[in-house]
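Here is what each chain is made of, one letter per residue.
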Amino acid sequence: MNETAKVSTLIVDDEPLARAGLRHMLEEIEWIECIGEAANGPAAIEAINTLQPELVFLDIQMPGLFGTEVIARVQHQPFVLFTTAYAQHAVTAFELGALDYLLKPFGEDRLRAALERVRAAVGEPRSSAFNRFSEAMSHAPMSRLFIRSGRSIVPLKVTDVTWFEAVGDYIAAHAGTAHHLLHLSLSQLEVRLDPQRFVRIHRTHIVNLDHVIAFRSQPDARLIAELDDGTRLPVSRSKAQELRAQAR
């Protein structure tokens, strides 16, 4: 990025104090130029398409439309830094191609760290950012998950996951000897997985077929999925009937 160039930036948040606080912090960043603000989803769409900012600070949870819905509907595709008060939205933010997400309340140090990712990305061809959003919004199978590790967010290849398990309001992604908690429902995750590789065998389990040794019948006529790490998972009655029909 040209050191003298300024990155045109739009702030989208339904809280006036949040917009004012962010605008004040951005005034200290010499290469950022705030060109506008929006207070809700529909206004954000109009502002993004009209002003065509290079960067948008986008609140995820707003009246009218969620920030993720805004990105799905705009014609101009900017770089995005999501802002949110809810840590569970981090996975969604990254899967939608966001450069980073800022968990409210955030300070100047965290803001500057996120902006360093912007500086690195602004030099990319614009089509690369657009392609990330297009792939996500077309519901193409995801190739990675983003998981929390201490204070960091790290990528995990979906193909490395042996099986997914619903645990209350979370999903446990089992990969080798580790398991990682995701704040999603199993149904939300299922539609983003490759159906040729991942199969929902039970209301609480999705397995990676690459790690299934066999589906074994039990003395009581139940079916069990035996995985290559020794895990044995129950198969629902309806799925068992489907698998037996396919094996005939």
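Whatever comes next refers back to the structure up there.
Keep in mind the model is a prediction, meaning the values are calculated, not measured.

Cut-offs used in this document
- Residues numbered from 1 in each chain as written.
- Predicted model: local features only at pLDDT ≥ 70, side-chain atom pairs only at ≥ 80, totals over all residues.
- Heavy atoms only, no water.
- Core = buried A, V, L, I, M, F, W, Y, C linked by side-chain atoms within 4.5 Å.
- Buried < 20%, exposed > 50% of the residue type's maximum accessible area, 1.4 Å probe, protein only.
- Helix = DSSP H or I, 4+ residues; strand = E, 2+ residues; numbered from the N terminus.
- Contact = heavy atoms within 4.5 Å.
- Phe/Tyr/Trp six-rings, centres within 6.5 Å; stacked < 30°, edge-to-face > 60°.
- Polar contact = N/O pair within 3.5 Å; in protein donor to acceptor, adjacent residues only side chain to side chain.
- Salt bridge = Lys/Arg side-chain N within 4 Å of Asp/Glu carboxyl O.

Participant: Any details on the nonpolar core? Residues and values, ideally.
Facilitator: Core analysis: the biggest nonpolar cluster contains 19 residues, and Leu26, Leu55, Phe57, Leu111 and Leu115 have the highest contact counts within it. Elements supplying a minimum of two residues to this core: β1 (7–12), α1 (16–26), β3 (55–59), β4 (79–84) and α5 (108–121). Broken down by element, this core gets its largest block of residues, 4 residues, from α5. Beyond its immediate stretch of four places on either side in the chain, leucine 26 contacts Thr9, Ile11, Ile32, Cys34, Phe57, Leu111 and Leu115.

Participant: Could you give an account of the packing of aromatic side chains, naming the residues involved and the relevant values?
Facilitator: For the structure on display, the rule yields 1 aromatic pair. Note on phenylalanine 164 and phenylalanine 198: the rings are 5.8 Å apart at their centroids and 50 degrees apart in plane angle, and the pair reads as tilted. With phenylalanine 164 in strand β8 (residues 163–167) and phenylalanine 198 in strand β11 (residues 198–202), the pair connects residues that are 34 residues apart, well separated along the chain. What makes phenylalanine 198 buried here is its relative accessible area of 8%.

Participant: An account of unusual backbone geometry is requested, with residue identities and associated values reported.
Facilitator: In this chain, lysine 104 is followed by proline 105 through a cis amide linkage whose omega measures -10 degrees. Among the secondary structure elements, proline 105 is positioned in the loop between β5 (100–103) and α5. Not every positive phi belongs to a glycine, and glutamine 52 is a case in point at roughly 50 degrees. Its location among the elements puts glutamine 52 in the loop between α2 (41–51) and β3. A residue is classified by how much of its surface remains accessible, and glutamine 52, at 46% relative accessible area, is partly exposed. The backbone of alanine 221 shows a phi angle near 80 degrees, a positive value even though the residue is not glycine. Checked against the element boundaries, alanine 221 lands in the loop between β13 (212–217) and β14 (223–227).

Participant: An account of α2 is requested, with residue identities and associated values reported.
Facilitator: Residues of α2 that are buried include every one of Gly41, Ala44, Ile45, Ala47 and Ile48, and no others. Between a side-chain oxygen at the N-terminus of α2 and the backbone nitrogen of alanine 43 the separation is 2.9 Å; the capping residue is asparagine 40. Directly after α2, the chain includes glutamine 52, whose backbone phi takes a positive value near 50 degrees.

Participant: Tell me what's going on with the pattern of salt bridges, and back it up with residues and numbers.
Facilitator: Here the structure, examined in full by the defined rule, presents 10 salt bridges. Arginine 197 serves as the salt-bridge partner of aspartate 210, at 2.7 Å between the closest nitrogen and oxygen. Taken together, the residues span a long stretch of sequence, with aspartate 210 in the loop between β12 (205–208) and β13 and arginine 197 in the loop between α7 (186–190) and β11 at a distance of 13 residues. Given the relative accessible area of 28%, arginine 197 is considered partly exposed. Connected through salt bridges with shared partners, the residues Asp13, Asp59 and Lys104 form a single ionic network.

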